[in-house]
Protein chains: 2
Amino acid sequence: MVQLFAYFHRFQKLSPEAENAIAEISTVHTIKKNLDLQPIGHTCRTIYFINKGLARIYYFKEDIDITEGFYFENSIIARVESLFTGKPSRKAIQVLEDAEIIGIHANSLFKLYDQFHDIERLFRKIFEAAYVDTVNRIEGIQFHTAEERYKALLHEAPDVLKRVPLKYVASYLGITQVSLSRIRGIH
Amino acid sequence: MVQLFAYFHRFQKLSPEAENAIAEISTVHTIKKNLDLQPIGHTCRTIYFINKGLARIYYFKEDIDITEGFYFENSIIARVESLFTGKPSRKAIQVLEDAEIIGIHANSLFKLYDQFHDIERLFRKIFEAAYVDTVNRIEGIQFHTAEERYKALLHEAPDVLKRVPLKYVASYLGITQVSLSRIRGIH
DNA sequence: CCCTGCATTTAACATATGATAAATAATCAA
DNA sequence: TTGATTATTTATCATATGTTAAATGCAGGG
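This structure is a prediction, so every number in the text was calculated from the model and none was measured.

Some points on the nonpolar core
The tendency in soluble globular proteins is for nonpolar side chains to be buried as a group. Ranked by internal contacts, the top residues of the largest apolar core, which has 66 residues, are Phe8, Ile119 and Phe123 of chain A together with Phe8, Ile119 and Phe123 of chain B. Setting aside anything within four residues of it in sequence, one finds phenylalanine 8 of chain A in contact with Leu14, Ile22, Ile104, Leu122, Phe123 and Ile126 of chain A.

Right under this line is the structure:
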(Lines give C-alpha, C1' and ligand atoms only; values in the text may rest on other atoms or scores of the structure.)
Protein backbone atom coordinates (compact mmCIF):
# COMPACT_ATOMS: atom_id res chain seq x y z
CA MET A 1 0.00 0.00 0.00
CA VAL A 2 3.04 2.25 0.36
CA GLN A 3 3.06 3.03 -3.33
CA LEU A 4 -0.65 3.87 -3.29
CA PHE A 5 -0.39 6.30 -0.41
CA ALA A 6 2.66 7.95 -1.92
CA TYR A 7 0.56 8.50 -5.03
CA PHE A 8 -2.32 9.91 -2.98
CA HIS A 9 0.03 12.20 -1.14
CA ARG A 10 0.89 14.00 -4.36
CA PHE A 11 -2.75 15.11 -4.53
CA GLN A 12 -3.81 15.47 -0.92
CA LYS A 13 -2.41 14.88 2.54
CA LEU A 14 -4.47 12.32 4.44
CA SER A 15 -4.82 11.76 8.16
CA PRO A 16 -3.57 8.36 9.42
CA GLU A 17 -7.18 7.47 10.21
CA ALA A 18 -8.19 8.21 6.65
CA GLU A 19 -5.35 6.09 5.30
CA ASN A 20 -6.37 3.22 7.52
CA ALA A 21 -9.96 3.51 6.41
CA ILE A 22 -8.89 3.28 2.78
CA ALA A 23 -6.55 0.37 3.49
CA GLU A 24 -9.45 -1.52 5.03
CA ILE A 25 -11.54 -1.38 1.89
CA SER A 26 -8.66 -2.20 -0.45
CA THR A 27 -7.31 -5.54 -1.59
CA VAL A 28 -4.23 -6.47 -3.55
CA HIS A 29 -4.63 -8.69 -6.61
CA THR A 30 -2.04 -10.36 -8.76
CA ILE A 31 -3.26 -11.06 -12.24
CA LYS A 32 -1.70 -12.73 -15.23
CA LYS A 33 -0.99 -11.11 -18.56
CA ASN A 34 -3.85 -10.90 -21.05
CA LEU A 35 -6.58 -11.63 -18.51
CA ASP A 36 -9.53 -9.32 -17.96
CA LEU A 37 -9.53 -7.59 -14.61
CA GLN A 38 -13.12 -6.48 -15.22
CA PRO A 39 -15.40 -7.90 -17.91
CA ILE A 40 -17.69 -6.11 -20.32
CA GLY A 41 -21.27 -5.70 -19.15
CA HIS A 42 -20.81 -5.32 -15.42
CA THR A 43 -21.15 -2.15 -13.44
CA CYS A 44 -17.87 -0.72 -12.27
CA ARG A 45 -17.69 -0.90 -8.48
CA THR A 46 -13.96 -0.84 -8.01
CA ILE A 47 -11.30 1.79 -8.50
CA TYR A 48 -7.94 0.25 -9.31
CA PHE A 49 -4.41 1.39 -8.71
CA ILE A 50 -1.59 -0.27 -10.63
CA ASN A 51 1.40 -1.20 -8.49
CA LYS A 52 3.12 -3.19 -11.19
CA GLY A 53 2.23 -3.95 -14.80
CA LEU A 54 0.14 -2.32 -17.40
CA ALA A 55 -3.51 -2.38 -18.41
CA ARG A 56 -5.89 -1.07 -21.01
CA ILE A 57 -9.58 -0.24 -21.20
CA TYR A 58 -11.19 -1.62 -24.34
CA TYR A 59 -14.58 -2.26 -25.89
CA PHE A 60 -16.06 -3.65 -29.05
CA LYS A 61 -17.54 -1.54 -31.79
CA GLU A 62 -19.18 -3.81 -34.34
CA ASP A 63 -16.92 -6.71 -33.42
CA ILE A 64 -13.80 -4.60 -33.66
CA ASP A 65 -11.67 -4.37 -30.53
CA ILE A 66 -11.02 -0.72 -29.67
CA THR A 67 -8.61 0.45 -27.00
CA GLU A 68 -9.79 3.50 -25.13
CA GLY A 69 -6.68 4.03 -23.07
CA PHE A 70 -3.50 2.59 -21.55
CA TYR A 71 -2.64 2.76 -17.86
CA PHE A 72 0.79 2.20 -16.30
CA GLU A 73 2.35 1.72 -12.89
CA ASN A 74 1.38 4.33 -10.33
CA SER A 75 -1.87 5.32 -11.89
CA ILE A 76 -5.55 4.95 -11.21
CA ILE A 77 -7.75 3.05 -13.60
CA ALA A 78 -11.54 2.96 -13.58
CA ARG A 79 -14.35 2.89 -16.10
CA VAL A 80 -15.72 6.22 -14.98
CA GLU A 81 -18.69 6.26 -17.35
CA SER A 82 -19.97 3.34 -15.27
CA LEU A 83 -18.52 4.24 -11.87
CA PHE A 84 -20.14 7.68 -11.82
CA THR A 85 -23.45 6.72 -13.36
CA GLY A 86 -24.10 3.30 -11.88
CA LYS A 87 -24.84 1.95 -15.35
CA PRO A 88 -23.25 -1.27 -16.65
CA SER A 89 -20.09 -0.63 -18.61
CA ARG A 90 -19.65 -1.71 -22.20
CA LYS A 91 -15.94 -1.63 -21.55
CA ALA A 92 -13.48 -4.05 -20.03
CA ILE A 93 -10.15 -3.69 -18.27
CA GLN A 94 -7.45 -6.04 -19.50
CA VAL A 95 -4.01 -6.54 -18.02
CA LEU A 96 -1.27 -6.50 -20.67
CA GLU A 97 1.59 -7.69 -18.44
CA ASP A 98 1.61 -9.78 -15.28
CA ALA A 99 0.40 -7.23 -12.80
CA GLU A 100 -0.09 -6.34 -9.18
CA ILE A 101 -3.13 -4.20 -8.67
CA ILE A 102 -4.90 -2.67 -5.70
CA GLY A 103 -8.68 -2.61 -5.87
CA ILE A 104 -10.57 -0.03 -3.81
CA HIS A 105 -14.20 -0.87 -3.22
CA ALA A 106 -16.05 2.11 -4.63
CA ASN A 107 -19.28 2.03 -2.61
CA SER A 108 -17.32 1.77 0.60
CA LEU A 109 -15.11 4.60 -0.56
CA PHE A 110 -18.08 6.83 -1.31
CA LYS A 111 -19.34 6.16 2.21
CA LEU A 112 -15.98 7.27 3.58
CA TYR A 113 -16.53 10.61 1.84
CA ASP A 114 -19.09 11.49 4.56
CA GLN A 115 -16.73 10.59 7.35
CA PHE A 116 -13.44 11.89 5.97
CA HIS A 117 -13.58 15.18 4.14
CA ASP A 118 -9.97 14.74 3.05
CA ILE A 119 -10.75 11.47 1.26
CA GLU A 120 -13.52 13.09 -0.76
CA ARG A 121 -11.14 15.93 -1.54
CA LEU A 122 -8.40 13.51 -2.58
CA PHE A 123 -10.59 11.74 -5.09
CA ARG A 124 -12.08 14.99 -6.30
CA LYS A 125 -8.57 16.10 -7.18
CA ILE A 126 -7.60 12.77 -8.73
CA PHE A 127 -10.58 12.79 -11.04
CA GLU A 128 -10.23 16.48 -11.84
CA ALA A 129 -6.73 15.69 -13.06
CA ALA A 130 -8.01 12.73 -15.07
CA TYR A 131 -10.71 14.97 -16.54
CA VAL A 132 -8.07 17.46 -17.66
CA ASP A 133 -6.10 14.64 -19.30
CA THR A 134 -9.19 13.57 -21.18
CA VAL A 135 -9.99 17.08 -22.38
CA ASN A 136 -6.42 17.41 -23.62
CA ARG A 137 -6.68 14.10 -25.40
CA ILE A 138 -9.68 15.31 -27.39
CA GLU A 139 -7.59 18.21 -28.58
CA GLY A 140 -4.97 15.71 -29.70
CA ILE A 141 -7.49 13.68 -31.66
CA GLN A 142 -9.56 16.47 -33.15
CA PHE A 143 -7.28 17.89 -35.78
CA HIS A 144 -4.20 15.79 -36.28
CA THR A 145 -3.37 13.30 -38.98
CA ALA A 146 -2.74 9.70 -38.00
CA GLU A 147 0.97 10.27 -38.48
CA GLU A 148 0.97 13.27 -36.14
CA ARG A 149 -0.92 11.28 -33.52
CA TYR A 150 1.58 8.44 -33.80
CA LYS A 151 4.52 10.77 -33.43
CA ALA A 152 2.92 12.51 -30.47
CA LEU A 153 2.48 9.15 -28.77
CA LEU A 154 6.08 8.20 -29.57
CA HIS A 155 7.16 11.42 -27.93
CA GLU A 156 4.80 11.60 -24.95
CA ALA A 157 4.42 7.94 -24.05
CA PRO A 158 7.16 5.89 -25.74
CA ASP A 159 6.50 3.13 -23.20
CA VAL A 160 3.21 2.38 -24.89
CA LEU A 161 5.02 1.50 -28.09
CA LYS A 162 7.62 -0.55 -26.26
CA ARG A 163 5.28 -2.55 -24.07
CA VAL A 164 1.96 -2.78 -25.91
CA PRO A 165 1.14 -4.89 -29.01
CA LEU A 166 0.68 -2.60 -31.99
CA LYS A 167 -2.75 -3.99 -32.74
CA TYR A 168 -3.93 -2.36 -29.52
CA VAL A 169 -2.12 0.88 -30.24
CA ALA A 170 -3.72 1.28 -33.65
CA SER A 171 -7.29 1.50 -32.39
CA TYR A 172 -6.16 3.80 -29.58
CA LEU A 173 -4.87 6.15 -32.28
CA GLY A 174 -8.13 5.75 -34.20
CA ILE A 175 -6.64 3.96 -37.20
CA THR A 176 -6.30 0.42 -38.52
CA GLN A 177 -3.31 -1.69 -37.76
CA VAL A 178 -2.34 -1.65 -41.43
CA SER A 179 -2.26 2.14 -41.44
CA LEU A 180 -0.18 2.21 -38.30
CA SER A 181 2.28 -0.19 -39.85
CA ARG A 182 2.51 1.96 -42.96
CA ILE A 183 3.12 5.08 -40.88
CA ARG A 184 5.86 3.33 -38.91
CA GLY A 185 7.44 2.18 -42.15
CA ILE A 186 8.00 5.74 -43.33
CA HIS A 187 9.71 6.50 -39.98
CA MET B 1 -29.90 32.95 -9.51
CA VAL B 2 -33.04 30.80 -9.30
CA GLN B 3 -32.08 28.91 -12.43
CA LEU B 4 -28.58 28.28 -11.12
CA PHE B 5 -29.73 26.83 -7.83
CA ALA B 6 -32.31 24.67 -9.54
CA TYR B 7 -29.47 23.29 -11.64
CA PHE B 8 -27.33 22.69 -8.56
CA HIS B 9 -30.18 20.97 -6.82
CA ARG B 10 -30.21 18.25 -9.45
CA PHE B 11 -26.73 17.27 -8.26
CA GLN B 12 -26.70 18.07 -4.59
CA LYS B 13 -28.96 19.63 -1.98
CA LEU B 14 -27.38 22.74 -0.46
CA SER B 15 -28.03 24.42 2.86
CA PRO B 16 -29.42 27.98 2.63
CA GLU B 17 -26.12 29.21 4.07
CA ALA B 18 -24.21 27.47 1.32
CA GLU B 19 -26.48 28.96 -1.31
CA ASN B 20 -25.97 32.42 0.12
CA ALA B 21 -22.24 31.96 0.16
CA ILE B 22 -22.27 31.01 -3.51
CA ALA B 23 -24.58 33.90 -4.39
CA GLU B 24 -22.13 36.30 -2.76
CA ILE B 25 -19.26 35.29 -5.03
CA SER B 26 -21.37 35.25 -8.19
CA THR B 27 -22.23 38.02 -10.62
CA VAL B 28 -24.60 38.19 -13.54
CA HIS B 29 -23.26 39.39 -16.89
CA THR B 30 -25.09 40.22 -20.06
CA ILE B 31 -22.95 39.87 -23.13
CA LYS B 32 -23.57 40.50 -26.81
CA LYS B 33 -23.43 37.92 -29.55
CA ASN B 34 -20.00 37.06 -30.96
CA LEU B 35 -18.03 38.64 -28.13
CA ASP B 36 -15.45 36.71 -26.13
CA LEU B 37 -16.43 36.10 -22.54
CA GLN B 38 -12.88 35.01 -21.79
CA PRO B 39 -9.88 35.62 -24.04
CA ILE B 40 -7.11 33.28 -25.07
CA GLY B 41 -4.01 33.39 -22.91
CA HIS B 42 -5.49 34.16 -19.52
CA THR B 43 -5.84 31.76 -16.66
CA CYS B 44 -9.39 30.61 -16.05
CA ARG B 45 -10.55 31.93 -12.69
CA THR B 46 -14.29 31.85 -13.25
CA ILE B 47 -16.83 29.09 -13.62
CA TYR B 48 -19.77 30.19 -15.74
CA PHE B 49 -23.38 29.15 -15.82
CA ILE B 50 -25.49 30.02 -18.84
CA ASN B 51 -28.90 31.44 -17.99
CA LYS B 52 -29.73 32.44 -21.53
CA GLY B 53 -27.87 32.13 -24.80
CA LEU B 54 -25.23 29.85 -26.13
CA ALA B 55 -21.44 29.75 -26.07
CA ARG B 56 -18.50 27.80 -27.41
CA ILE B 57 -14.95 27.10 -26.32
CA TYR B 58 -12.47 27.51 -29.16
CA TYR B 59 -8.77 27.78 -29.84
CA PHE B 60 -6.43 28.20 -32.75
CA LYS B 61 -4.36 25.43 -34.21
CA GLU B 62 -1.97 26.87 -36.76
CA ASP B 63 -4.27 29.82 -37.45
CA ILE B 64 -7.29 27.61 -37.86
CA ASP B 65 -10.21 28.26 -35.52
CA ILE B 66 -11.24 25.02 -33.80
CA THR B 67 -14.35 24.63 -31.66
CA GLU B 68 -13.86 22.35 -28.71
CA GLY B 69 -17.44 22.36 -27.50
CA PHE B 70 -20.83 24.06 -27.42
CA TYR B 71 -22.65 24.99 -24.23
CA PHE B 72 -26.35 25.84 -23.93
CA GLU B 73 -28.76 27.28 -21.39
CA ASN B 74 -28.62 25.61 -18.00
CA SER B 75 -25.15 24.33 -18.22
CA ILE B 76 -21.77 25.03 -16.71
CA ILE B 77 -18.93 26.21 -18.87
CA ALA B 78 -15.29 26.46 -17.84
CA ARG B 79 -11.90 25.86 -19.37
CA VAL B 80 -11.04 23.08 -16.99
CA GLU B 81 -7.54 22.46 -18.34
CA SER B 82 -6.75 25.92 -16.98
CA LEU B 83 -9.10 26.04 -14.00
CA PHE B 84 -7.72 22.84 -12.47
CA THR B 85 -4.06 23.42 -13.27
CA GLY B 86 -3.68 27.17 -12.78
CA LYS B 87 -1.96 27.42 -16.15
CA PRO B 88 -3.00 30.00 -18.74
CA SER B 89 -5.52 28.68 -21.21
CA ARG B 90 -4.92 28.59 -24.94
CA LYS B 91 -8.67 28.55 -25.32
CA ALA B 92 -11.34 31.24 -25.33
CA ILE B 93 -15.03 31.30 -24.53
CA GLN B 94 -17.19 33.06 -27.11
CA VAL B 95 -20.87 33.84 -26.85
CA LEU B 96 -22.80 32.89 -30.00
CA GLU B 97 -26.09 34.59 -29.09
CA ASP B 98 -26.85 37.54 -26.85
CA ALA B 99 -26.48 35.92 -23.47
CA GLU B 100 -27.05 36.19 -19.76
CA ILE B 101 -24.37 34.42 -17.82
CA ILE B 102 -23.54 33.94 -14.15
CA GLY B 103 -19.87 33.99 -13.25
CA ILE B 104 -18.73 32.23 -10.09
CA HIS B 105 -15.36 33.35 -8.82
CA ALA B 106 -13.32 30.17 -8.70
CA ASN B 107 -10.77 30.99 -6.00
CA SER B 108 -13.51 32.14 -3.68
CA LEU B 109 -15.45 29.01 -4.48
CA PHE B 110 -12.49 26.77 -3.68
CA LYS B 111 -12.20 28.55 -0.32
CA LEU B 112 -15.84 27.75 0.35
CA TYR B 113 -14.99 24.07 -0.07
CA ASP B 114 -13.32 24.17 3.37
CA GLN B 115 -16.29 25.77 5.00
CA PHE B 116 -19.15 23.97 3.23
CA HIS B 117 -18.66 20.30 2.62
CA ASP B 118 -21.82 20.23 0.52
CA ILE B 119 -20.44 22.83 -1.91
CA GLU B 120 -17.31 20.79 -2.52
CA ARG B 121 -19.50 17.76 -3.02
CA LEU B 122 -21.75 19.64 -5.44
CA PHE B 123 -18.90 20.63 -7.68
CA ARG B 124 -17.27 17.24 -7.38
CA LYS B 125 -20.46 15.76 -8.81
CA ILE B 126 -20.82 18.41 -11.50
CA PHE B 127 -17.33 17.82 -12.79
CA GLU B 128 -17.63 14.05 -12.49
CA ALA B 129 -20.62 14.28 -14.82
CA ALA B 130 -18.71 16.54 -17.19
CA TYR B 131 -15.83 14.09 -17.11
CA VAL B 132 -18.16 11.26 -18.09
CA ASP B 133 -19.49 13.34 -21.00
CA THR B 134 -15.96 13.94 -22.20
CA VAL B 135 -15.02 10.26 -22.01
CA ASN B 136 -18.13 9.42 -24.01
CA ARG B 137 -17.26 12.03 -26.57
CA ILE B 138 -13.89 10.40 -27.21
CA GLU B 139 -15.71 7.19 -27.96
CA GLY B 140 -17.83 9.12 -30.46
CA ILE B 141 -14.81 10.55 -32.21
CA GLN B 142 -12.52 7.54 -32.16
CA PHE B 143 -14.06 5.30 -34.76
CA HIS B 144 -16.78 7.03 -36.68
CA THR B 145 -16.75 8.52 -40.14
CA ALA B 146 -17.43 12.23 -40.51
CA GLU B 147 -20.90 11.40 -41.78
CA GLU B 148 -21.67 9.26 -38.75
CA ARG B 149 -20.48 12.03 -36.43
CA TYR B 150 -22.67 14.55 -38.23
CA LYS B 151 -25.71 12.32 -37.99
CA ALA B 152 -25.06 11.65 -34.33
CA LEU B 153 -24.93 15.38 -33.67
CA LEU B 154 -28.12 15.89 -35.66
CA HIS B 155 -29.77 13.28 -33.49
CA GLU B 156 -28.32 14.11 -30.07
CA ALA B 157 -28.02 17.90 -30.26
CA PRO B 158 -30.10 19.22 -33.17
CA ASP B 159 -30.02 22.65 -31.50
CA VAL B 160 -26.37 22.98 -32.38
CA LEU B 161 -27.20 22.77 -36.08
CA LYS B 162 -30.10 25.17 -35.70
CA ARG B 163 -28.34 27.84 -33.68
CA VAL B 164 -24.65 27.62 -34.53
CA PRO B 165 -22.93 28.75 -37.78
CA LEU B 166 -21.79 25.67 -39.68
CA LYS B 167 -18.22 26.89 -39.85
CA TYR B 168 -18.01 26.35 -36.10
CA VAL B 169 -19.72 22.99 -36.27
CA ALA B 170 -17.27 21.61 -38.83
CA SER B 171 -14.19 21.92 -36.63
CA TYR B 172 -16.16 20.55 -33.68
CA LEU B 173 -16.78 17.44 -35.78
CA GLY B 174 -13.11 17.35 -36.75
CA ILE B 175 -13.66 18.08 -40.44
CA THR B 176 -13.44 21.03 -42.81
CA GLN B 177 -16.42 23.17 -43.62
CA VAL B 178 -16.34 21.96 -47.21
CA SER B 179 -16.61 18.36 -46.08
CA LEU B 180 -19.47 19.19 -43.76
CA SER B 181 -21.30 20.91 -46.57
CA ARG B 182 -20.78 17.90 -48.82
CA ILE B 183 -22.08 15.54 -46.15
CA ARG B 184 -25.15 17.70 -45.62
CA GLY B 185 -25.72 17.75 -49.38
CA ILE B 186 -26.10 13.99 -49.55
CA HIS B 187 -28.68 14.18 -46.69
C1' DC C 1 -33.51 48.88 -50.48
C1' DC C 2 -29.07 48.01 -51.95
C1' DC C 3 -24.28 47.15 -51.11
C1' DT C 4 -20.72 44.81 -48.97
C1' DG C 5 -18.84 41.28 -46.54
C1' DC C 6 -19.55 36.73 -44.67
C1' DA C 7 -21.38 32.04 -44.80
C1' DT C 8 -22.40 28.16 -47.43
C1' DT C 9 -22.35 25.28 -51.31
C1' DT C 10 -20.46 23.22 -55.45
C1' DA C 11 -16.79 21.51 -58.37
C1' DA C 12 -12.30 19.44 -59.59
C1' DC C 13 -8.43 17.37 -58.18
C1' DA C 14 -4.95 15.49 -54.55
C1' DT C 15 -4.01 12.57 -50.78
C1' DA C 16 -4.43 9.95 -46.54
C1' DT C 17 -6.50 6.16 -44.74
C1' DG C 18 -9.47 1.95 -45.21
C1' DA C 19 -10.15 -2.89 -46.94
C1' DT C 20 -8.53 -7.07 -48.45
C1' DA C 21 -5.11 -10.36 -49.24
C1' DA C 22 -0.73 -12.28 -48.94
C1' DA C 23 4.04 -12.47 -47.14
C1' DT C 24 7.15 -12.27 -43.10
C1' DA C 25 8.25 -12.21 -38.44
C1' DA C 26 7.64 -13.24 -33.73
C1' DT C 27 5.78 -15.97 -29.93
C1' DC C 28 4.65 -19.96 -27.50
C1' DA C 29 3.64 -24.71 -26.34
C1' DA C 30 4.95 -29.35 -26.93
C1' DT D 1 13.95 -27.33 -31.81
C1' DT D 2 9.70 -27.66 -34.36
C1' DG D 3 5.30 -26.54 -35.71
C1' DA D 4 1.27 -23.80 -34.98
C1' DT D 5 -0.60 -19.66 -33.90
C1' DT D 6 -0.60 -14.83 -33.70
C1' DA D 7 1.45 -10.25 -34.76
C1' DT D 8 3.31 -7.27 -38.12
C1' DT D 9 4.46 -5.68 -42.57
C1' DT D 10 3.85 -5.07 -47.50
C1' DA D 11 1.16 -4.52 -51.68
C1' DT D 12 -2.87 -3.18 -54.34
C1' DC D 13 -6.91 -0.96 -54.98
C1' DA D 14 -11.11 1.79 -53.27
C1' DT D 15 -12.88 5.72 -51.00
C1' DA D 16 -13.51 9.50 -47.73
C1' DT D 17 -11.84 13.70 -46.69
C1' DG D 18 -8.68 17.64 -47.63
C1' DT D 19 -7.41 21.61 -50.66
C1' DT D 20 -8.23 25.26 -53.63
C1' DA D 21 -11.13 28.04 -56.24
C1' DA D 22 -15.33 29.81 -57.72
C1' DA D 23 -20.37 30.41 -57.42
C1' DT D 24 -24.31 31.27 -54.75
C1' DG D 25 -26.86 32.72 -50.74
C1' DC D 26 -27.66 35.59 -46.75
C1' DA D 27 -27.44 39.33 -43.25
C1' DG D 28 -26.43 43.81 -41.46
C1' DG D 29 -25.22 48.75 -42.06
C1' DG D 30 -25.83 52.81 -44.45
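Structure shown, so let's carry the discussion forward.
Some thoughts on helix α9 (residues 177-186) of chain A
Residue and element names in this part refer to chain A. Listed in full, the buried residues belonging to α9 are Ser179, Leu180 and Ile183. Down the axis, α9 shows its buried residues gathered within 100° of arc, on one side only. Opposite the buried face of α9, by more than 90 degrees, sit the exposed residues Val178, Arg182 and Gly185.

A short note on the protein's contact with DNA strand D
Inspection of the region around DNA strand D gives 16 residues, with Leu166 and Lys167 of chain A together with Ala146, Ser179 and Arg182 of chain B positioned closest. Per the 4 Å cut-off to the protein, sugar and phosphate atoms form 60% of the nearby atoms of DNA strand D. The separation between a phosphate oxygen of DNA strand D and a polar side-chain atom of arginine 184 of chain A is 3.4 Å. Take arginine 182 of chain B: an N or O atom from its side chain is 3.0 Å from a base nitrogen of DNA strand D.

Focus on the interface of chain A and chain B
Listed per partner, the contact involves 36 residues of chain A and 36 residues of chain B. Broken down residue by residue, the surface that chain A buries against chain B is led by Tyr131, Gln142 and Phe143 of chain A, which jointly contribute 20%. Remark: the boundary between chain A and chain B carries 10 salt bridges. With its nearest N and O atoms 2.7 Å apart, the salt bridge here joins glutamate 120 of chain A to arginine 124 of chain B. At the junction of chain A with chain B, the criterion picks out 20 residue pairs in polar contact (both at pLDDT 80 or more). Elements supplying a minimum of two residues to the side of chain A that touches chain B: β4 (55-61), β5 (64-71), α3 (80-83), α4 (106-115), α5 (117-142) and α8 (166-173) of chain A. The dominant element in the side of chain A that touches chain B, judged by the number of residues it contributes, is α5 of chain A, at 17 residues. Partitioning the side of chain A that touches chain B into residue classes produces 15 nonpolar, nine polar and 12 charged.

Quick notes on the protein's contact with DNA strand C
Lining the immediate surroundings of DNA strand C are 17 residues, of which Ala146 and Ser179 of chain A together with Leu166, Lys167 and Ser181 of chain B lie closest. Counting only the atoms of DNA strand C that lie within 4 Å of the protein, the sugar and phosphate share comes to 65%. Here a base nitrogen of DNA strand C and a side-chain polar atom of arginine 182 of chain A are 3.0 Å apart. Between a phosphate oxygen of DNA strand C and a side-chain N or O atom of lysine 167 of chain B, the distance comes to 2.3 Å. Those elements that place two or more of their residues in the surface near DNA strand C are α9 of chain A together with α8 (166-173) and α9 (177-186) of chain B. In terms of residue count, α9 of chain B provides more of the surface near DNA strand C than any other element does, five residues in total.

So, the sheet that holds strand β6 (residues 76-77) of chain B
All names here are of chain B. With antiparallel pairing, four strands are arranged side by side in an open sheet as β1-β8-β3-β6. A single partner strand is all that each edge strand has here, and the edge strands are β1 (26-31) and β6. One ladder, built from six bridges, connects β1 with strand β8 (residues 99-105); its direction is antiparallel. Note that in β8 the partner of threonine 27 across the bridge is glycine 103. Together, β3 (46-52), β6 and β8 form the strand contacts of helix α1 (residues 2-11), whose direction differs from that of β3 by roughly 110°.

A short note on the sheet that holds strand β1 (residues 26-31) of chain A
All names here are of chain A. Read from one edge of the open sheet, four strands run β1-β8-β3-β6, paired in antiparallel fashion. Two strands in the sheet have a free side with no partner beyond their single neighbour: β1 and β6 (76-77). Across six bridges, the pairing between strand β3 (residues 46-52) and strand β8 (residues 99-105) is antiparallel. In the sheet register, isoleucine 50 faces β8, and the bridge partner there is isoleucine 101. Its contacts with the sheet put α4 on β3 and β8, and the angle it makes with β8 is roughly 50°.

Examining the relation of the copies chain A and chain B
Between chain A and chain B, which share one sequence, the superposing operator has a rotation angle of 180° and an axial displacement of 0.0 Å; the RMSD is 0.0 Å. One copy is carried onto the other by what is essentially a two-fold rotation axis. Here 100% of the contact residues of chain A are again contact residues in chain B; the copies associate through an equivalent surface.

Observations regarding the pattern of salt bridges
The tally for this structure, following the rule as stated, stands at 28 salt bridges over all chains. Residue glutamate 97 of chain A pairs with arginine 163 of chain A through a salt bridge whose shortest N-O separation is 2.8 Å. Of the two residues, glutamate 97 of chain A is situated in the loop between β7 (91-95) and β8 and arginine 163 of chain A in helix α7 (residues 158-163); the sequence distance between them amounts to 66 residues. Connected via shared salt-bridge partners are Glu68, Glu81, Arg90 and Lys91 of chain A together with Glu139 of chain B.

Looking at the packing of α5 of chain A against helix α5 (residues 117-142) of chain B
In a pair of packed helices, the angle between the axes and the distance between the axes together describe the arrangement. Orientation of α5 of chain A relative to α5 of chain B, taken along the N-to-C sense of each, is 30°, at an axis distance of 9 Å. One way to sum up the angle between α5 of chain A and α5 of chain B is to call them roughly parallel. The chirality of how α5 of chain A crosses α5 of chain B is left-handed. Per-class residue counts for the contact of α5 of chain A with α5 of chain B are 12 nonpolar, six polar and eight charged.

Reading the values: the criteria
Residues numbered from 1 in each chain as written. Chains lettered and ligands numbered in written order. Predicted model: local features only at pLDDT ≥ 70, side-chain atom pairs only at ≥ 80, totals over all residues. Heavy atoms only, no water. Core = buried A, V, L, I, M, F, W, Y, C linked by side-chain atoms within 4.5 Å. Buried < 20%, exposed > 50% of the residue type's maximum accessible area, 1.4 Å probe, protein only. Contact = heavy atoms within 4.5 Å. Helix = DSSP H or I, 4+ residues; strand = E, 2+ residues; numbered from the N terminus. Arc of directions from axis to C-beta. Near = heavy atom within 4 Å. Polar contact = N/O pair within 3.5 Å; in protein donor to acceptor, adjacent residues only side chain to side chain. Buried area = accessible area lost by both parts, 1.4 Å probe. Salt bridge = Lys/Arg side-chain N within 4 Å of Asp/Glu carboxyl O. Nonpolar A, V, L, I, M, F, W, Y, C, P; charged D, E, K, R; others polar. Pairing = 2+ DSSP bridges. Axes fitted to C-alpha atoms, helices over the stretch in contact; angles between N-to-C directions. Least-squares fit on C-alpha atoms with pLDDT ≥ 70 in both. Parallel < 35°, antiparallel > 145°, perpendicular 65-115°, else oblique. Left-handed = near helix turned anticlockwise from the far one by under 90°.

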